[in-house]
Amino acid sequence: FANWLEDMIDLRLVPGAAGAPAGVDTYTYTNIGAARTMGVSLDASFRARSWLRAEVGWSYLFTRDETAQRPLPARPPHTLQAGVFLSLPDGIEALARCRFVTDVYIDDSTRAPGFATLDARIAKSLGAHARVYAGALNLLGVQKDPNHAGDTRPVEGRTFYAGASADFPWES
């Protein structure tokens, strides 16, 4: 893909306002006279067995503020994702996904650090129309540093969840 933009409105970190108050960055709107983005996304899925599927994907993003001759801020150039999905006996399904994001240009003196996340979920079928599940997001606990200006890592830390779902109306 490729995009050429004119008169783009974007967000920029306000210099000197990082982390105040309560660790919240302050942004302002800015007009970019001309910009371009281009990149590629490659994804593959493999079914190794009837009960095992794996997915992998990589995205590359090139950005350029043509007016300022710099990258567009807060857009990671590389993202890699991978996942494994298992269909186990007794109606149990499990999945694990990881995502790696490279460091990010914020401005000439600031880069947001790269990071990795790991998510997992397990579910159990309760008949044909209902299931229970439990999981965790961001198991590695990667989290935005409120004292690091422009940090693009996740705001939420580790999150655990559980629930149930059902199809309604139940049709045969």
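Every chain is numbered independently, its residues counted from 1 as its sequence is written. Residues qualify for local features only when their pLDDT is at least 70, as the model is predicted, and side-chain atom pairs are given and counted only at 80 or more; totals for whole chains, interfaces and linings, by contrast, use all residues. No hydrogens and no water enter the side-chain calculation; it runs on all heavy atoms of the structure.

1. Some words on the overall build of the protein
Heads up, the rule is: Under the scheme used here, helices are H or I runs from DSSP no shorter than 4 residues and strands are E runs no shorter than 2 residues, and both carry numbers assigned from the N terminus. Between the two quantities, the radius of gyration covers C-alpha atoms and the globule rule is 2.2 Å times the number of residues to the power 0.38. Working definition: with a 1.4 Å probe on protein chains only, accessible area under 20% of the residue-type maximum means buried, over 50% means exposed, and in between means partly exposed. Residue contacts are counted whenever heavy atoms from the two residues lie within 4.5 Å of one another. Where accessible areas are quoted, they stem from the Shrake-Rupley method and a 1.4 Å probe; at the residue level, only the protein chains shown are allowed to cover. The charge count treats Lys and Arg as positive and Asp and Glu as negative. His and the chain ends do not count. By convention, charge coordinates are those of NZ in Lys, CZ in Arg, CG in Asp, or CD in Glu.
A count of helices and strands for the protein gives 0 helices and 10 strands. Element order for the protein, N to C, with α for helix and β for strand: β-β-β-β-β-β-β-β-β-β. Against the globule reference of 16 Å for 172 residues, the protein gives a C-alpha radius of gyration of 21 Å, more extended than a compact globule. Each principal axis of the C-alpha atoms in the protein carries an extent, and together these give about 60 × 40 × 30 Å. Counting only residues that meet the buried cut, the protein has 23% of its 172 residues in that class. A separation of at least 24 residues holds for 49% of the contacts in the protein among residues at least 6 apart in sequence. Total accessible area computed for the protein in this model is approximately 10900 Å², and 59% of it derives from carbon and sulfur atoms. Here the protein contributes 17 positively and 19 negatively charged side chains, and the mean placements of these two sets differ by 6 Å.

2. A few points about the pairing of strand 10 (residues 159-166)
Operational definition: Any two strands with at least two DSSP bridges between them are considered paired.
Judged by how many residues are buried, strand 10 sits mostly at the surface: 0 of 8 residues are covered. As judged from the 8 bridges shared by strand 9 (residues 130-137) and strand 10, these two strands associate in the antiparallel manner. Residue pairing in the sheet places Leu137 in a bridge with Thr159 of strand 10.

3. Overview of the pairing of strand 2 (residues 27-49)
Relative to strand 2, strand 1 (residues 2-13) runs antiparallel, the two sharing 11 bridges. In the sheet register, Arg12 faces strand 2, and the bridge partner there is Thr28. For strand 2 and strand 3 (residues 52-65), the ladder comprises 14 bridges, and the chain directions are antiparallel. Along strand 3, the bridge assignment pairs Val40 with Tyr60.

4. Remarks on the environment of Tyr105
Put simply, the rule is: The term polar contact refers here to a pair of N or O atoms within 3.5 Å; inside protein, the definition further demands a hydrogen-donor-capable atom paired with an acceptor-capable atom, and it admits residues adjacent in sequence only when both atoms are side-chain atoms.
One can find Tyr105 in strand 6 (residues 104-107). Considered as a pair, Tyr105 and Gly135 are 30 residues apart in the sequence and their alpha carbons are 32 Å apart. With near-sequence residues (within four places) excluded, Tyr105 lies in contact with Arg70, Pro71, Leu72, Pro73, Ala74, Thr110 and Arg111. Of note is the side chain of Tyr105, whose polar atom sits 2.9 Å from the side chain of Asp108.

5. Things to note about the nonpolar core
One broad trend across soluble globular proteins is that nonpolar side chains are buried collectively. Defined as follows: The definition of a nonpolar core used throughout is a set of buried Ala, Val, Leu, Ile, Met, Phe, Trp, Tyr and Cys residues joined through side-chain atoms within 4.5 Å.
By size, the foremost hydrophobic cluster in this structure holds 5 residues: Leu13, Val104, Ile106, Ala112 and Ala149. Discounting chain neighbours no more than four positions away, the residues touching Ala112 are Asp103, Val104, Ile106, His148, Gly150, Asp151 and Thr152.

6. Details of the side chain of Asp151
Inspection of the secondary structure puts Asp151 in the loop between strand 9 and strand 10. A polar contact is formed between the side chain of Asp151 and the backbone nitrogen of Asp145, at a distance of 2.8 Å. In this structure the side chain of Asp151 is engaged in a polar contact, spanning 2.5 Å, whose partner is the side chain of Arg153. Sequence-distant contacts of Asp151, that is, excluding residues within four places in its chain, are made with Asp25, Ala112, Pro113, Gln143, Lys144 and Asp145.

7. Let's talk about the pattern of salt bridges
Short version of the rule: Each salt bridge in this description consists of a side-chain nitrogen of Lys or Arg and a carboxyl oxygen of Asp or Glu lying within 4 Å of one another.
Applying the stated criterion to the full structure yields 8 salt bridges. Residue Glu66 pairs with Arg36 through a salt bridge whose shortest N-O separation is 2.1 Å. With Glu66 in the loop between strand 3 and strand 4 (78-88) and Arg36 in strand 2, the pair connects residues that are 30 residues apart, well separated along the chain. Residue Arg153 is joined to Asp151 by a salt bridge in which the shortest nitrogen-to-oxygen separation is 2.5 Å.

8. Quick word on the packing of aromatic side chains
Under the convention used in this document: Here is the rule: rings of Phe, Tyr and Trp (six-membered ring for Trp) pair when centre to centre is within 6.5 Å. Planes less than 30 degrees apart are stacked, more than 60 are edge-to-face, and the remainder are tilted. Counted as over-ring charges are cases with an Arg CZ or a Lys NZ within 6 Å of the ring centre that also lie within 35 degrees of the ring normal.
According to the stated counting rule, one finds 2 aromatic pairs in the structure shown. Here the aromatic rings of Trp58 and Tyr60 are separated by 6.4 Å at their centres, their planes lie at 20°, and the arrangement is stacked. The class of Tyr60 is partly exposed, set by a relative accessible area of 30%. Between Tyr133 and Tyr161, the ring centres sit 6.2 Å apart and the planes meet at 55°, which makes this aromatic pair tilted. Linking Tyr133 in strand 9 with Tyr161 in strand 10, this pair joins segments that are 28 residues apart in sequence. Given a relative accessible area of 29%, Tyr161 falls into the partly exposed group. The side chain of Arg53 reaches across the aromatic face of Phe85, ending 4.2 Å from its centre.

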